[in-house]
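Coordinate inspection notes
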Amino acid sequence: GQNIDQPTEMTATEGAIVQINCTYQTSGFNGLFWYQQHAGEAPTFLSYNVLDGLEEKGRFSSFLSRSKGYSYLLLKELQMKDSASYLCAKSGGSYIPTFGRGTSLIVHP
Amino acid sequence: GAGVSQSPRYKVAKRGQDVALRCDPISGHVSLFWYQQALGQGPEFLTYFQNEAQLDKSGLPSDRFFAERPEGSVSTLKIQRTQQEDSAVYLCASSLVGGGAGELFFGEGSRLTVL
């Protein structure tokens, strides 16, 4: 398997910063996706990292270290609407994205 | 519409019935994926099409599951003799490029409940 691991649940306060980690098996790696999924809705694309480093896109940033098999999603200035499941997915040797179980983020006032 | 469309949104089936789930991808998208998502879990890969060719069906859980995309656009996922463990949300996603190297656009899913 792809051994994609991410925490099951995280909580944070509105206005704060939260980092959601994801580790994966390094063999057969092509890229790392992050998706956001609100309850009962379709996953929506956040980022796709192929090279090492941090990519910033507004309040959301994604980091990748290919040698360590590690990525994180950083969410700044948290808003209540950011409460959702965050899915890490690895694009492997066959290029078919394999998803982790998702991290449920709860933002409270 | 401009997005991926799936139907039906909700389906209740008695155990043993056959069901068919439809996916209308974004026009011109080469790749089409089916995923199964159980409650509280991430999407699990079922099968992948590049145009009309089914390039990977390694995720289909049993021979009761069958998918097709005969003209390289609309796809149907068929489940024969449904079982309670088939209850899940079935997500379809399409991508402009081949394989999973590009952004996947997901439909809202078909929620199947088998009684």
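Everything in this summary refers to the structure shown in the same document.

How each quantity is defined
Residues numbered from 1 in each chain as written. Chains lettered and ligands numbered in written order. Predicted model: local features only at pLDDT ≥ 70, side-chain atom pairs only at ≥ 80, totals over all residues. Heavy atoms only, no water. Helix = DSSP H or I, 4+ residues; strand = E, 2+ residues; numbered from the N terminus. Rg over C-alpha atoms; globule rule 2.2 N^0.38 Å. Buried < 20%, exposed > 50% of the residue type's maximum accessible area, 1.4 Å probe, protein only. Contact = heavy atoms within 4.5 Å. Areas by Shrake-Rupley, 256 points an atom, 1.4 Å probe, with all protein chains shown as cover. Lys, Arg positive; Asp, Glu negative; His and termini not counted. Charge placed at Lys NZ, Arg CZ, Asp CG, Glu CD. Pairing = 2+ DSSP bridges. Axes fitted to C-alpha atoms, helices over the stretch in contact; angles between N-to-C directions. Buried area = accessible area lost by both parts, 1.4 Å probe. Salt bridge = Lys/Arg side-chain N within 4 Å of Asp/Glu carboxyl O. Polar contact = N/O pair within 3.5 Å; in protein donor to acceptor, adjacent residues only side chain to side chain. Nonpolar A, V, L, I, M, F, W, Y, C, P; charged D, E, K, R; others polar. Phe/Tyr/Trp six-rings, centres within 6.5 Å; stacked < 30°, edge-to-face > 60°. 1 Å grid on protein atoms, 1.4 Å probe; cavity = no way out; pocket = protein on both sides within 12 Å on 5 of 7 lines; lining within 4 Å. Points joined across faces, edges and corners; volume = space filled by probe spheres on them.

1. Section: the overall build of chain A
On a plain count of helices and strands, chain A comes out with zero helices and 10 strands. The C-alpha radius of gyration computed for chain A amounts to 13 Å, which stays within 12% of the reference 13 Å derived for 109 residues, consistent with globular compactness. Taken along its principal axes, the extent of the C-alpha atoms in chain A is 40 × 30 × 20 Å. Here chain A holds 109 residues, and the buried ones make up 47% of them. Expressed as a percentage of contacts within chain A between residues at least 6 apart in sequence, the contacts between residues at least 24 apart total 55%. Here chain A displays about 5,000 Å² of accessible surface, and carbon together with sulfur accounts for 50% of that area. Of the charged side chains in chain A, 8 are positive and 9 negative; the average position of the first set lies 6 Å away from that of the second.

2. Notes on the sheet that holds strand β2 (residues 18-23) of chain A
Residue and element names in this part refer to chain A. The strand order across the open sheet built from four strands is β2-β7-β6-β5, with neighbouring strands paired in antiparallel fashion. A strand with exactly one partner marks an edge of an open sheet, and here the two such strands are β2 and β5 (53-57). Averaged over neighbouring strand pairs, the angle between their axes works out to 15° when direction is ignored. Examined bridge by bridge, strand β6 (residues 60-65) and strand β7 (residues 70-75) share six bridges and lie antiparallel to one another. Bridge assignment links Ser61 to a residue of β7, and that residue is Leu74.

3. Points about the pairing of strand β10 (residues 103-108) of chain A
Residue and element names in this part refer to chain A. Side chains Thr103, Leu105 and Val107 project from β10 onto a buried face, and the interleaved Ser104, Ile106 and His108 project onto a face without burial. As judged from the five bridges shared by strand β1 (residues 9-13) and β10, these two strands associate in the parallel manner. For Met10, the partnering residue across the bridge sits in β10 and is Leu105.

4. What about the sheet that holds strand β7 (residues 65-68) of chain B?
All names here are of chain B. The strand order across the open sheet formed by four strands is β1-β3-β8-β7, and the pairing between neighbours is antiparallel. Each end of this open sheet is capped by a strand with a single partner; those strands are β1 (5-7) and β7. Averaged over all pairs of adjacent strands, the angle between strand axes in this sheet comes to 15°, irrespective of strand direction.

5. Topic: the interface of chain B and chain A
If you look at the interface, chain B gives 21 residues, while chain A gives 16 residues. At the boundary of chain B with chain A, total buried surface from both sides reaches about 1,500 Å², with 59% on carbon and sulfur atoms. Applying the counting rule to chain B against chain A returns zero salt bridges. There are four residue pairs in polar contact (both at pLDDT 80 or more) connecting chain B and chain A. Of all the secondary-structure elements, those providing two or more residues to the side of chain B that touches chain A are β4 (31-37) and β5 (44-50) of chain B. For the side of chain B that touches chain A, the leading source of residues is β4(B), giving three residues. By residue class, the composition of the side of chain B that touches chain A is nine nonpolar, eight polar and four charged.

6. Side note on the pattern of salt bridges
Within this structure, the stated rule accounts for seven salt bridges over all chains. For Glu56(A), the salt bridge is made with Lys76(A), and the minimal N-O distance between the two is 3.6 Å. Of this pair, Glu56(A) sits in strand β5 while Lys76(A) is found in the loop between β7 and β8 (84-91), placing the two residues 20 residues apart along the sequence. Across the salt bridge formed by Glu68(B) and Lys78(B), the nearest N and O atoms sit 3.5 Å from each other. Of this pair, Glu68(B) sits in strand β7 while Lys78(B) sits in strand β8 (residues 75-79), placing them 10 residues apart in sequence. We classify Glu68(B) as partly exposed; its relative accessible area is 26%.

7. A look at the packing of aromatic side chains
Counted by the stated rule, this structure contains 16 aromatic pairs over all chains. When the ring of Phe99(A) is compared with that of Tyr35(B), the centres are 5.3 Å apart and the planes differ by 90°; the resulting orientation is edge-to-face. Taken as a pair, Phe99(A) in strand β9 (residues 97-99) and Tyr35(B) in strand β4 lie in two separate chains rather than in one. You can call Phe99(A) buried: its relative accessible area is 8%.

8. Some details on the layout of surface pockets
To find the voids left in a structure, one rolls a probe of water-molecule size over its atoms. Roughly 550 Å³ of volume is contained in the largest pocket. Taken together, 27 residues make up the lining of the largest pocket; nearest its centre are Gln37(A), Ala39(A), Gly40(A), Gln37(B) and Gly40(B). Of all the secondary-structure elements, those providing two or more residues to the lining of the largest pocket are β8 and β10 of chain A together with β9 (88-95) and β11 (110-114) of chain B. Broken down by element, the lining of the largest pocket gets its largest block of residues, three residues, from β8(A). Counted by class, the lining of the largest pocket contains eight nonpolar, 14 polar and five charged residues.

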